[in-house]
Amino acid sequence: MKGWGFAFSRRWLGYLALVIIFAIGCAGLSYWQIARRDEARAEIDRVDTNWAAAPRPIDEVLQTLDSFDPDDKWTPVILTGRYLDEDELLARGRPLDGNAGFEQLVPFQLSDGSVFIVDRGWIRAGNEQDTPEVIPAVPSGEVTVVARLKGSEPTIPGRSAPEGQVATINLETIAGIIDRPIYSSAYGLLASEDPASAQMPVAVTKPVPDEGPHLSYAFQWIVFGIMAFIGLGWAVRQEFRAKNADDPQERLRAEARRRKAEAKGPTDAEIEDAILDHADR
């Protein structure tokens, strides 16, 4: 088939359909990366807004035991009551700076009897056993705590923990262990407590702003989609040249390409072949 008629054959239309599907997929992945970037930027804004906010009473932010607005993440709340150290738990599998460790979770009972889970910070795992060498003691008696809110973590299928520990900070799981009416949608990262303990776990630090490489990945997917069409066009052009090699006009163009290539000198591949041929003699 002379000319460009072959490009409208079933085979090439099928290639075009595949390229279009691929490009649509690339566009979808690009959009997904942009959405991920928007989520990361929203989290950065949330940290900047809430981290330095003045502490608010817990019942003002969490009006019921099961309420939590994700926009209140990192918001400091103030609560007064006492630690229930007899129900203390450790959240396992919490590495920090390459070291294995745990988060110290201590239920905190408010004056109305409700219980709020306070994450007091990170404790290094022991050298000889899968438990900390020392667990910092909590203050006794009435304590005033300021904690930053975080939502309950999901459970992880197949992951378990020994007695006194939990695999994740899933508040419904913790409620079943300590058998108390707890805030079931949010817990708190300890910011301060009064009176303070002489020995404290490693406190949580402010998250470093990082929106990740999502924008560059989004651009890359767009480029991949465009390159697919460029590659299809190149393949069509190559077949056109092969099918029309005896056409006078195409012969002239082929000769012009040959002369242009010769003017540039031998390619790296040609030089390498010449060296190999000389070595074989």
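The rules behind the values
Residues numbered from 1 in each chain as written. Predicted model: local features only at pLDDT ≥ 70, side-chain atom pairs only at ≥ 80, totals over all residues. Heavy atoms only, no water. Patch = residues over 30% accessible without salt bridge, like charges linked within 9 Å, V, L, I, M, F, W, Y side chains within 5 Å. Areas by Shrake-Rupley, 256 points an atom, 1.4 Å probe, with all protein chains shown as cover. Salt bridge = Lys/Arg side-chain N within 4 Å of Asp/Glu carboxyl O. Helix = DSSP H or I, 4+ residues; strand = E, 2+ residues; numbered from the N terminus. Pairing = 2+ DSSP bridges. Core = buried A, V, L, I, M, F, W, Y, C linked by side-chain atoms within 4.5 Å. Buried < 20%, exposed > 50% of the residue type's maximum accessible area, 1.4 Å probe, protein only. Phe/Tyr/Trp six-rings, centres within 6.5 Å; stacked < 30°, edge-to-face > 60°.

Student: I'd like to hear about a nonpolar patch on the surface, residue by residue, with values.
Tutor: Together, L13, L16, I20, I24 and F229 give the surface a local cluster of nonpolar side chains, amounting to about 430 Å² of exposed area. Ranked by residues supplied to the nonpolar patch, first place goes to helix α1 (residues 10-50) with four residues. You can see L13 is positioned in helix α1.

Student: Describe the pairing of strand β8 (residues 186-194), and please don't skip the residues or the numbers.
Tutor: Bridging between strand β5 (residues 115-124) and β8 involves two bridges; their strand directions are parallel. Counted as the bridge partner of D119 is L189 from β8. In this structure, strand β6 (residues 143-151) lies alongside β8, joined through eight bridges in antiparallel fashion. When the sheet's bridge partners are listed, K150 is paired in β8 with Y187.

Student: Mind laying out the nonpolar core, listing which residues take part and the relevant values?
Tutor: Ranked by size, the top nonpolar core spans 19 residues in total, and within it I58, L62, L79, Y83, F108, F116 and V145 carry the most contacts. Looking at this core, the elements with two or more residues in it are α2 (58-61), β2 (76-83), β4 (101-110), β5, β6 and β8. Tallying contributions element by element places β6 first for this core, with four residues. If you look at the next biggest cluster of nonpolar residues, it comprises 17 residues, including L89, A91, I117 and I182.

Student: Can you break down the packing of aromatic side chains residue by residue, with the values?
Tutor: By the definition in use, this model includes six aromatic pairs. Residues F6 and W12 carry aromatic rings whose centres are separated by 6.2 Å and whose planes lie at 70 degrees to one another, so their mutual orientation is edge-to-face. Using a relative accessible area of 3% as the deciding quantity, one classes F6 as buried. With 5.7 Å between their ring centres and 50 degrees between their planes, W51 and W74 make a pair best called tilted. Here the residue W51 occupies a position in the loop between α1 and β1 (56-57), and W74 occupies one in the loop between α2 and β2, the gap between them amounting to 23 residues. For W51, a relative accessible area of 14% gives the class buried.

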